[in-house]
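Reading the structure
Chain by chain, the residues run as shown.
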Amino acid sequence: AQSVTQPDIHITVSEGASLELRCNYSYGATPYLFWYVQSPGQGLQLLLKYFSGDTLVQGIKGFEAEFKRSQSSFNLRKPSVHWSDAAEYFCAVASGAGSYQLTFGKGTKLSVIP
Amino acid sequence: GAVVSQHPSWVICKSGTSVKIECRSLDFQATTMFWYRQFPKQSLMLMATSNEGSKATYEQGVEKDKFLINHASLTLSTLTVTSAHPEDSSFYICSARDRARIRGSPLHFGNGTRLTVT
């Protein structure tokens, strides 16, 4: 069975600082990986996804993520955080492009200090 | 972009009553929709997969008779929480997949429904 681990429950960064949110997955075959962001009381918005090809994926809002098969990781990064980035971030894995039954990590809450 | 509308956004009901939550894909057709439940400060837990024109597939531990799912058209799935109890209070989120883009299309999520059972 597939699983996702987000080791950091809560991260606080200063506005303008760089950010890296960690995600490790467990899946036997080629994973389909996603990062979603959730603002309080809201649904989820897709930031970026990885299916195949270039292991560095660019997303919306200046986010990027790098797929590292050897480390089973798909960490999310942003070079300069804005106060509006404060939210909950979820990493997810799907068993296939045709499946889309997602398994989510427990999420990382990001707080931004002005 | 693809939009999933979920209604209502919040609802308060008395214990023992039933509540219906709607999930609509506004600009695409969805043969498959997913219903998730999210407890405070927790991740999303898949409850069931809703398939248009057929019975829903429930995850282990989810009561089929309590959480009734109907997917009668390609743009609408409903989740009915029957005989709701306070422990059913949670945040329910639906998601849908565009049938026209089987590969490469991510799931689109609704904004969720906050259910409070008193």
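That block above? That's the structure.
The rules behind these values
- Residues numbered from 1 in each chain as written.
- Chains lettered and ligands numbered in written order.
- Predicted model: local features only at pLDDT ≥ 70, side-chain atom pairs only at ≥ 80, totals over all residues.
- Heavy atoms only, no water.
- Contact = heavy atoms within 4.5 Å.
- Buried area = accessible area lost by both parts, 1.4 Å probe.
- Salt bridge = Lys/Arg side-chain N within 4 Å of Asp/Glu carboxyl O.
- Polar contact = N/O pair within 3.5 Å; in protein donor to acceptor, adjacent residues only side chain to side chain.
- Helix = DSSP H or I, 4+ residues; strand = E, 2+ residues; numbered from the N terminus.
- Nonpolar A, V, L, I, M, F, W, Y, C, P; charged D, E, K, R; others polar.
- Pairing = 2+ DSSP bridges.
- Buried < 20%, exposed > 50% of the residue type's maximum accessible area, 1.4 Å probe, protein only.
- Core = buried A, V, L, I, M, F, W, Y, C linked by side-chain atoms within 4.5 Å.
- Disulfide = S-S within 2.5 Å.

Topic: the interface of chain B and chain A
Counting from both sides, the interface comprises 21 residues of chain B and, opposite them, 21 residues of chain A. For the pairing of chain B and chain A, the buried interface totals around 1700 Å² over both sides, and the portion due to carbon and sulfur atoms is 55%. Linking chain B to chain A there are zero salt bridges. Joining chain B to chain A, the criterion identifies four residue pairs in polar contact (both at pLDDT 80 or more). At the level of elements, β4 (32-38), β5 (44-51) and β9 (90-97) of chain B are the ones that each hand at least two residues to the side of chain B that touches chain A. Tallied by class, the residues present in the side of chain B that touches chain A amount to ten nonpolar, eight polar and three charged.

A short note on the pairing of strand β8 (residues 64-68) of chain A
Residue and element names in this part refer to chain A. Examined bridge by bridge, strand β7 (residues 56-58) and β8 share three bridges and lie antiparallel to one another. The residue bridging L56 from the neighbouring strand is E66, located in β8. Turn length for the β7-β8 hairpin, with the two strands adjacent in sequence and antiparallel, is five residues, and the turn residue K61 shows positive phi of about 60°. Pairing geometry for β8 and strand β9 (residues 73-78), over five bridges, is antiparallel. Within β9, the position partnered with F67 by the bridge is F74. Where β8 folds back onto β9 in an antiparallel hairpin, the turn is made up of four residues, including S72, whose phi is positive at roughly 50°.

A short note on the pairing of strand β12 (residues 108-113) of chain A
Residues and elements named next belong to chain A. In this sheet, β12 lies alongside strand β2 (residues 10-14) in parallel orientation, the contact comprising five bridges. Bridging across to β12, T12 finds its partner in S111. Where strand β10 (residues 87-94) and β12 come together, three bridges link them in antiparallel fashion. Paired with A87 across the bridge in β12 is L110.

Digging into the pattern of salt bridges
Taken as a whole and judged by the stated rule, the model has six salt bridges over all chains. Here D8(A) ties to R22(A) by a salt bridge, and the two come within 2.9 Å at their closest N and O atoms. With D8(A) in the loop between β1 (3-5) and β2 and R22(A) in the loop between β3 (19-21) and β4 (24-26), the pair connects residues that are 14 residues apart, well separated along the chain. Accessibility expressed as a relative area gives 39% for R22(A), which makes it partly exposed. With a shortest N-O distance of 3.5 Å, R24(B) and E22(B) are connected by a salt bridge. With relative accessibility at 35%, the residue R24(B) sits in the partly exposed group. A residue is classified by how much of its surface remains accessible, and E22(B), at 25% relative accessible area, is partly exposed.

Focus on the nonpolar core
Among the nonpolar cores identified, the biggest contains 26 residues, and W35(A), L48(A), F74(A), L76(A) and Y89(A) are the most heavily contacted of them. Contributions of two or more residues to this core are made by β2, β3, β5 (32-38), β6 (44-50), β8, β9, β10 and β12 of chain A. Residues contacting F74(A), with those up to four places away along its chain left out, are C23(A), L33(A), F34(A), W35(A), L48(A), Y50(A), A65(A), E66(A), F67(A) and C91(A). In terms of nonpolar packing, the next biggest core, distinct from the first, is built from 25 residues, V19(B), C23(B), A56(B) and Y92(B) among them.

What about the state of the cysteines?
Counted under the stated rule, the structure contains two disulfides over all chains. Here C23(A) connects covalently by a disulfide to C91(A), the sulfurs 2.0 Å from one another. The disulfide joining C23(A) to C91(A) has a torsion of about -65° about its S-S bond and is therefore left-handed. Residue C23(A) is located in the loop between β3 and β4, and its partner C91(A) is located in strand β10; the two are separated by 68 residues in the primary sequence. Grouping residues by exposure puts C23(A) and C91(A) together as buried. In this model C23(B) forms its disulfide with C94(B); the gap between the sulfur atoms is 2.0 Å. Because the torsion about its S-S bond is 80°, the bridge between C23(B) and C94(B) counts as right-handed. Note that C23(B) is positioned in strand β3 (residues 19-25) and C94(B) in strand β9, a separation of 71 residues in sequence.

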